[in-house]
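# Structure at a glance
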Amino acid sequence: MSIRLIAIELYRLQQAVERLEKQMAEAPYGERARLVDQLRKVKAERDRMRNVLDGHKGSATDHPKRKY
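Position labels on residues start from 1 in each chain and follow its written sequence. Since the coordinates come from a predicted model, pLDDT governs what is reported: local features require at least 70, and pairs of side-chain atoms require 80 or more to be given and counted, while whole-chain, interface and lining totals use all residues. Hydrogen atoms and water are omitted, and side-chain values are computed over all heavy atoms in the structure.

## Digging into the overall build of the chain
Here a strand is any run of E in DSSP of at least two residues, a helix any run of H or I of at least four, and the numbering for each starts at the N terminus. Check the secondary structure of the chain and you find two helices and zero strands. Contacts are assigned to residue pairs with any non-hydrogen atoms lying within 4.5 Å of each other. Taking as baseline every contact in the chain between residues at least 6 positions apart, the subset at least 24 positions apart corresponds to 66%. Element-wise, carbon and sulfur atoms account for 55% of the exposed surface of the chain, whose accessible area totals about 5,600 Å². The accessible surface values rely on the Shrake-Rupley method and a 1.4 Å probe; as for residues, cover is taken only from the protein chains in view.

In structure tokens form, the structure reads like this:
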């Protein structure tokens, strides 16, 4: 996956997190459990995608050559 596609997906996930946080703040108590679970899953996916992007960006330049 290209860096651009990863960044687009990361942006989409960040928007979803923000939307869910806003919904949770406005939701009645009965809906909060469902929203908390959904928010947890989206945050985990966002963090995973951020790690993929960080690894992808650093893979070409930041890794020193191994000496054997």
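## Description of the nonpolar core
Working definition of a nonpolar core: buried Ala, Val, Leu, Ile, Met, Phe, Trp, Tyr and Cys residues. They are joined through side-chain atoms within 4.5 Å. Type-normalised accessible area, obtained with a 1.4 Å probe on protein chains alone, sets the label of each residue: buried when under 20%, exposed when over 50%, and partly exposed for intermediate values. Counting 13 residues, the largest nonpolar core has L20, L35, L39, V42 and M49 as the members making the most contacts within it. By residue number, the principal contributor to this core is helix 1 (residues 3-26), which donates seven residues. Contact partners of L20, with chain neighbours within four places excluded, come to L35, Q38, L39 and V42.

## Describing helix 1
Take the residue count of a helix, subtract one, and multiply by 1.5 Å to get its expected span. With 24 residues, helix 1 should reach 34 Å at 1.5 Å per residue; the first-to-last C-alpha distance of 35 Å fits that figure. Within helix 1, the full set of buried residues consists of I6, L10, L13, A16, V17, L20 and M24.

## As for the side chain of R46
Within the secondary structure layout, R46 lies in helix 2 (residues 29-59). Within the structure, the side chain of R46 is placed 3.1 Å from the side chain of D47, a separation counted as a polar contact. Other than its neighbours up to four places away in sequence, R46 contacts L10, L13, Q14 and V17. Here a polar contact is taken to be a pair of N or O atoms separated by no more than 3.5 Å, where protein atoms must pair a possible hydrogen donor with a possible acceptor and residues adjacent in sequence count only if both atoms sit in side chains.

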